[in-house]
Amino acid sequence: MAGQIYTLVNIILLESNFQRDWILNLQDPNFLNNTEIKINSQKSPEHLSVTLDLTYTAGLKDGKTEMKADIKMLGVFTVPEESELPLETFANINAPAIIFPFLREHLASLSMKAAINPIMLQPVNFVKNATEVKPDAVEKA
């Protein structure tokens, strides 16, 4: 049935770790940051679980990491019996796009509590990133 949709059940913070040096060189033009996001999904008979795993690092070009965050969030979704949207598309594009704002807000909040300006991650184009994902990327439980 074309009208059936995937439904968000819950978003769960699985892991959160933030580290920073006492003195940061945020104004130094050589201060760089890097963001890496990994998407993992698993389908059970009842639900689809999609995990976003973020690693954020920042520091000077010389390679010294002065700030690091590791955050993992899980989105749990119901899966319709039939849908016009394939499971792989939802797992690699739609679900991460739903989870990402929660992860982004969490990092911004952590950074403010660490007495620095909020780290505002740039939006992510999950459609573009999904072209690199293999067609059968959803694991079956």
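Parameters and conventions
Residues numbered from 1 in each chain as written. Predicted model: local features only at pLDDT ≥ 70, side-chain atom pairs only at ≥ 80, totals over all residues. Heavy atoms only, no water. Helix = DSSP H or I, 4+ residues; strand = E, 2+ residues; numbered from the N terminus. Buried < 20%, exposed > 50% of the residue type's maximum accessible area, 1.4 Å probe, protein only. Contact = heavy atoms within 4.5 Å. Areas by Shrake-Rupley, 256 points an atom, 1.4 Å probe, with all protein chains shown as cover. Core = buried A, V, L, I, M, F, W, Y, C linked by side-chain atoms within 4.5 Å. Expected span 1.5 Å × (residues − 1). Bend = angle between axes of the 7 residues up to and from the residue. pLDDT = per-residue confidence, 0-100. Phe/Tyr/Trp six-rings, centres within 6.5 Å; stacked < 30°, edge-to-face > 60°. 1 Å grid on protein atoms, 1.4 Å probe; cavity = no way out; pocket = protein on both sides within 12 Å on 5 of 7 lines; lining within 4 Å. Points joined across faces, edges and corners; volume = space filled by probe spheres on them. Nonpolar A, V, L, I, M, F, W, Y, C, P; charged D, E, K, R; others polar. Salt bridge = Lys/Arg side-chain N within 4 Å of Asp/Glu carboxyl O.

(A) View of the overall build of the protein chain. A tally of regular secondary structure across the protein chain gives 2 helices and 5 strands. When the helices and strands of the protein chain are listed from N to C terminus, the series reads β-β-β-β-α-α-β. Per-residue burial for the protein chain yields a buried fraction of 35% across its 141 residues. A separation threshold of at least 6 residues defines the contact pool for the protein chain, and within that pool the share at least 24 residues apart is 70%. When the accessible surface of the protein chain is summed, it comes to about 8,700 Å², and 51% of that surface belongs to carbon and sulfur atoms.

(B) Here's a closer look at the side chain of N92. For N92, the position within the fold is in helix α1 (residues 87–113). Residue N92 is classed as buried on the basis of its relative accessible area, which comes to 8%.

(C) Spatial organisation of the nonpolar core. Counting residues in each nonpolar core, the largest one holds 32 residues, and the members touching the most others are F18, Y56, M67, L107, I119 and L121. Looking at which element gives the most residues to this core, the answer is α1, with 10 residues. If sequence neighbours within four positions are ignored, Y56 has contacts with N33, N34, T35, M67, K68, A69, L107, I119 and L121.

(D) Highlighting α1. Compared with the 39 Å implied by 1.5 Å per residue over 27 residues, the 38 Å span of α1 between its first and last C-alpha is a close match. When the local axis directions of α1 are compared, the greatest deviation, roughly 40 degrees, occurs at P96. Positioned one or two residues after α1, A115 has a phi angle of 65 degrees, which is positive.

(E) Geometry of unusual backbone geometry. Of note in this structure, A115 is not a glycine but carries a positive phi near 65 degrees. Residue placement: A115 occurs in the loop between α1 and α2 (126–130).

(F) Representation of the confidence of the model for the protein chain. Averaged over every residue, the pLDDT of the protein chain is 85; residues scoring 70 or more account for 89%. Of all secondary-structure elements in the protein chain, the lowest mean pLDDT belongs to strand β5 (residues 139–140), at 46, while strand β1 (residues 7–20) reaches the highest, 95. Here residues 133–141 is a poorly scored stretch, pLDDT under 50, and it has 19 contacts once near neighbours within four places are set aside; other chains count.

(G) Here's a closer look at the packing of aromatic side chains. As enumerated under the stated definition, the model contains 3 aromatic pairs in all. Relative to F90, the ring of Y6 lies with its centre 4.0 Å away and its plane at 5 degrees, an arrangement referred to as stacked. Of this pair, Y6 sits in the segment before β1 while F90 sits in helix α1, and the two are 84 residues apart along the sequence. No difference in accessibility class separates Y6 from F90, as the two residues are buried.

(H) The arrangement of the layout of surface pockets in detail. Estimated volume of the second largest pocket: approximately 150 Å³. Around the second largest pocket, the lining residues are L26, Q27, F31, N33, Y56, M67, I116, N117, P118 and I119. Here the residues of the lining of the second largest pocket sort into 7 nonpolar, 3 polar and no charged.

(I) How the structure looks around the pattern of salt bridges. A complete count under the given rule lists 3 salt bridges for this structure. Note that D53 and K72 form a salt bridge whose closest N and O atoms lie 4.0 Å from each other. In this pair, D53 sits in strand β3 (residues 47–60) while K72 sits in strand β4 (residues 65–78), placing the two residues 19 residues apart along the sequence. By relative accessible area, which is 25% here, K72 ends up partly exposed. Between D70 and K68 there is a salt bridge, with its nearest N and O atoms 3.7 Å apart. Since its relative accessible area comes to 15%, D70 is described here as buried. Of the residues examined, K68 reaches a relative accessible area of 30% and is grouped as partly exposed.

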